[in-house]
Amino acid sequence: MTKPLLLLAMLLPALPPAAEAAVPPLPLAVRAEIPLPGGTTRFDYQSEDSATGRLFISHMGDGTLLVFDTRSNQVLKELTGFPADTGVTAVASVG
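Sequence order as written defines the numbering, with residues in each chain counted from 1. In keeping with the model being predicted, local features are shown solely for residues with a pLDDT of at least 70 and side-chain atom pairs are shown and tallied solely at 80 or more, while totals for entire chains, interfaces and linings include all residues. With hydrogens and water excluded, all non-hydrogen atoms of the structure serve as input to the side-chain values.

Asks: Quick question: what am I supposed to make of the sheet that holds strand β4 (residues 74-80) here?
Replies: Working definition: the strands of a sheet are paired by backbone hydrogen bonds and lie parallel or antiparallel to each other. Two strands qualify as a pair provided DSSP detects at least 2 bridges between them. Secondary structure follows DSSP: runs of H or I at least 4 residues long count as helices, runs of E at least 2 residues long count as strands, and numbering of each begins at the N terminus. Judged by pairing direction, the sheet is antiparallel, and its four strands sit side by side in the order β1-β2-β3-β4 without closing on themselves. Unpaired on one side and paired on the other, β1 (43-49) and β4 mark the two borders of the sheet. Averaged over all pairs of adjacent strands, the angle between their axes in this sheet comes to 20°, without regard to strand direction. All axes here are fitted lines through C-alpha atoms, helices being fitted over the stretch that makes contact, and every angle between N-to-C directions spans 0 to 180 degrees.

Structural data, given as structure tokens:
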């Protein structure tokens, strides 16, 4: 009973990866590499205000919230005091 299983195991590596060939490449490209302040862990949540071009980035690894300008590719502000933030949402001002 083990012979058919062994034959199947030997044939599997020879099969063409059909699923991989059918997936088109994503239309993504690196536009810039910009160093961010703090450690390299837990950049978890982001939210963009498209009217101002600001990207708010939750950096849970450092307990900070970064305000990043997507038009100038610069960190505008690093706000401290967010040790356990679990999300960030940009909301247009009211009034």
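There's plenty left to go through after this.
Asks: It is not clear to me how the side chain of Ser47 should be interpreted in this structure. Could you clarify?
Replies: Position of Ser47 relative to the elements: it lies in strand β1. Buried residues are those whose accessible area, probed at 1.4 Å on protein chains only, stays under 20% of the maximum for their type, while exposed residues exceed 50% and partly exposed ones sit between those limits. Residue classification places Ser47 among the buried residues on the basis of a relative accessible area of 12%. The definition of a polar contact used here is a pair of N or O atoms within 3.5 Å, where within protein one atom must be able to donate a hydrogen and the other to accept one, and adjacent residues in sequence count solely through side-chain atom pairs. In this structure the side chain of Ser47 is engaged in a polar contact, spanning 2.7 Å, whose partner is the backbone nitrogen of Ala90. Apart from residues no more than four positions distant in its own chain, Ser47 is found in contact with Arg54, Leu55, Phe56, Val88, Thr89 and Ala90. Note on definitions: a residue-residue contact is assigned when non-hydrogen atoms from the two residues lie within 4.5 Å.

Asks: Sorry, what's going on with the layout of surface pockets here?
Replies: Unoccupied space between atoms shows up once a probe the size of one water molecule is rolled over them. In the cavity and pocket records, a cavity denotes points on a 1 Å grid over the protein atoms alone where a 1.4 Å probe fits but cannot get out, a pocket denotes an open set with protein on both sides within 12 Å along at least 5 of 7 lines, and lining residues are residues with an atom within 4 Å of a point. Grid points are joined across faces, edges and corners, and a volume is the space filled by probe spheres set on the points. Of the volumes computed, that of the largest pocket is approximately 300 Å³. In terms of lining residues, the largest pocket is bounded by Arg31, Ala32, Ile34, Leu36, Leu55, Ile57, Phe68, Thr70 and Asn73. Grouping the amino acids of the lining of the largest pocket by side-chain chemistry returns six nonpolar, two polar and one charged. Ten residues, namely Ala, Val, Leu, Ile, Met, Phe, Trp, Tyr, Cys and Pro, are considered nonpolar, four, namely Asp, Glu, Lys and Arg, are considered charged, and the remaining ones, Gly among them, are considered polar.

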